[in-house]
Amino acid sequence: MQQITLTQPDDWHLHVRTGDMLKTVINHTAKQFARAIIMPNLQPPVSNVAQALSYQQEIQQATSSAYAFTPLMVLYLTNSTTIEDVKQAAESAAVQAFKLYPAGATTNSDQGVTDLQAMFPVFEAMEKHHVPLLIHGEVTDAEIDIFDRERLFIDQKLRFIHQNFPALRIVLEHVTTREAVQFVQETPANIGATITPQHLLYNRNAMLVGGIKPHYYCLPILKRESHRLALVAAATSGNPKFFLGTDSAPHLKHLKETSCGCAGCYSAYGAIELYAQAFEQANALDKLEGFASFYGADFYQLPRNTKQITLEKIDWQVPNDYAIAEGMQLTPLKAGEMLHWKLKG
Ligand code: DOR
Ligand code: ZN
C-alpha cells in the first residue's frame, strides 16, 4: 500500500507546556490532529475553569492560523477541588474532563491527590454531571517496584473507584500492561484507555540495553515485550475502548540527558506516522482509522471529524533536535532515524 487516507485524527492525551516550547510543539500537533486533550500539569496546575480558559487562549495564540485546531481543556484534580469546581467544569464548553494524578506519580504531580477516598464527593459530582475522569494509573508508594505500579493501581485503587461510581466515565491513560488491557476489556463501555506510540513500538530493552537511553524514559515506564504485545493486540483489535493518546511530553534535551532526567517522550512531531508504523508492523493498517479518528470522539461524546488526511509511504529522516530557544533543544522520539510514513501536505 502506497497511500492511506483517514478521517482526521484527534490526540486524546497531549502535553504542550507554555512559552517557547508551546510555540513549537503545538504546530506539530495541529498540522495532523483536529483536536487534542491538553494535560493540565503546568506549574502551577490548571485547576479551575478560569485558568483553563486562559491556557486555552495561550494555546490558540501559539497555533498557526493555517490549521483548524481545537485544544480541549482538562482540569487538574487537587485535594482542594470542590463539587462547585465540577459543576463549573460541566457547564464550560472548553473543559472536557478532570485529570487525576496520584501525588508524586510523574512530572508536576506534587499537587496531585494524596487521599483518593477523600475525593469521593468530587467523583460523585463528576458522575452526576457526566464529566469524565482521566487517570494516571500508578501507585506511588516508595517501596513498590516501578514496573508493578500500574498493575497495583488497578487492583488497589481503580477497581474500587469503578465499583463506587459505576456510571463515571473513566479513561485509564497511557496503558502499559497486559493487566490494564484486561481490566479495560472486562469493564463496561464507560471505561476506556489511551495507548501511546512508544508503548506500541518499544519495550524496556530499548531504554536499557547497550546504554541508558533517556529519550525512551517516560511514565508509566516501558515494560517487557509480552506487555507491548498485549497493547498492540488491544490497539489493533477494533475494540472502541482503546484509542489514540500520544502522551507526547516535551522536555528540553539538557533536562533529559542528565543524571536525573525528566520523564516524557516527544512524539507529536510525527505522531500519526509513528502509529501508522506500529499498525503496519502488526499488519493492521485497516484498524488505524477507528483507533485514531473514531473511538476517542465517540467516548468523549463529541462529533467525529469530517476532514481527511493522507499518509504516503515515503521514508524520511527524523531531525536530531528541534530548536526551542537560544541554546535550548528538544530531542524527538526516534531522533535521526527513518520513519516510513509521511503526512501529505
Ligand atoms: O512520561 C511522562 N511525562 N508521563 C507523564 O505522566 C507526564 C509526562 C510529562 O508531563 O512530562
Ligand atoms: Zn501525560
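Residues numbered from 1 in each chain as written. Chains lettered and ligands numbered in written order. Predicted model: local features only at pLDDT ≥ 70, side-chain atom pairs only at ≥ 80, totals over all residues. Heavy atoms only, no water.

### Some thoughts on the sheet that holds strand β10 (residues 308-312)
One open sheet holds the 3 strands; their spatial order is β1-β10-β15, and the pairing between them is antiparallel. The open sheet has two edge strands, β1 (3-7) and β15 (342-343), and neither has a second partner. As defined by bridge partners, β1 adjoins β10 across 5 bridges and the pair is classed as antiparallel. Bridging across to β10, Leu6 finds its partner in Ile309. (Pairing = 2+ DSSP bridges. Helix = DSSP H or I, 4+ residues; strand = E, 2+ residues; numbered from the N terminus.)

### Concerning the site of ligand 1
Taken together, 14 residues sit near ligand 1, with Arg17, Asn41, Leu219, His251 and Ala263 positioned nearest. In this structure, an oxygen atom belonging to ligand 1 sits 3.3 Å away from a side-chain N or O atom of His15. At a separation of 3.0 Å, an oxygen atom of ligand 1 approaches a polar side-chain atom of Thr107. In isolation ligand 1 exposes 290 Å². Once the protein is present, 99% of that is buried. (Near = heavy atom within 4 Å. Polar contact = N/O pair within 3.5 Å; in protein donor to acceptor, adjacent residues only side chain to side chain. Areas by Shrake-Rupley, 256 points an atom, 1.4 Å probe, with all protein chains shown as cover.)

### Section: the pattern of salt bridges
One pass over the structure, following the stated rule, counts 10 salt bridges. Taking the shortest distance from any N to any O, the salt bridge between Asp298 and Arg304 comes out at 2.6 Å. The exposure class of Arg304 is partly exposed, given its relative accessible area of 41%. (Salt bridge = Lys/Arg side-chain N within 4 Å of Asp/Glu carboxyl O. Buried < 20%, exposed > 50% of the residue type's maximum accessible area, 1.4 Å probe, protein only.)

### Section: the coordination of the zinc ion (ligand 2)
The protein atoms donating to the zinc ion (ligand 2) are His13 (NE2), His15 (NE2) and Asp247 (OD), with metal-donor distances spanning 2.0 to 2.1 Å. Look at where the donors of the zinc ion (ligand 2) fall in the sequence and you get H-x1-H-x231-D. Within this pair, whereas His15 is found in the loop between β2 (11-14) and α1 (19-30), its partner Asp247 is found in the loop between β9 (242-244) and α10 (253-256), the two being separated by 232 residues in sequence. Looking at Asp247, the relative accessible area reads 6%, which means it is buried. (Donors = N, O, S within 2.8 Å, 3.2 Å for Na, K, Ca; no water.)

### With respect to the environment of Phe183
Inspection of the secondary structure assignment puts Phe183 in helix α6 (residues 178-186). Through-space distance from the C-alpha of Phe183 to that of Gly327 is 45 Å; in sequence the pair is 144 residues apart.

### Structural notes on the nonpolar core
Nonpolar side chains tend to gather and get buried jointly when the protein is soluble and globular. Among the nonpolar cores identified, the biggest contains 100 residues, and Phe123, Leu133 and Ile161 are the most heavily contacted of them. The biggest single contributor to this core is helix α11 (residues 271-281), with 7 residues. Among all residues touching Phe123, those that are not within four sequence positions of it are Leu77, Leu100, Leu116, Leu133, Ile161, Phe165 and Leu168. (Core = buried A, V, L, I, M, F, W, Y, C linked by side-chain atoms within 4.5 Å. Contact = heavy atoms within 4.5 Å.)

### Section: the sheet that holds strand β8 (residues 191-195)
Ordered by their spatial adjacency, 8 strands build an open sheet running β2-β3-β4-β5-β6-β7-β8-β9, and the pairing between neighbours is parallel. Whereas interior strands pair on both sides, the edge strands pair on one side only; in this sheet they are β2 and β9. Across the sheet, the axes of successive neighbouring strands diverge by a mean angle of 30 degrees, strand direction being ignored. The pairing of strand β7 (residues 170-172) with β8 spans 3 bridges and is parallel. Residue pairing for β8: Ile170 is matched across the bridge by Ile191. Across the sheet, helix α12 (residues 288-299) is in contact with β2, β3 (35-38), β7, β8 and β9; its angle to β9 comes to roughly 115 degrees. (Axes fitted to C-alpha atoms, helices over the stretch in contact; angles between N-to-C directions.)

### Considerations on unusual backbone geometry
A cis geometry characterises the amide bond from Gln43 onward to Pro44, with omega recorded as 0 degrees. Looking at where Pro44 falls in the secondary structure, it is placed in the loop between β3 and α2 (49-62). Residues Leu219 and Pro220 are joined by a peptide bond in cis, for which omega reads -5 degrees. The residue Pro220 is located in the loop between α8 (205-208) and α9 (225-235) in this model. We note that Gln301 has phi near 60 degrees; this positive angle belongs to a residue other than glycine. Within the secondary structure, Gln301 sits in the loop between α12 and β10. Judged by relative accessible area, Gln301 falls into the exposed class, the value being 60%.

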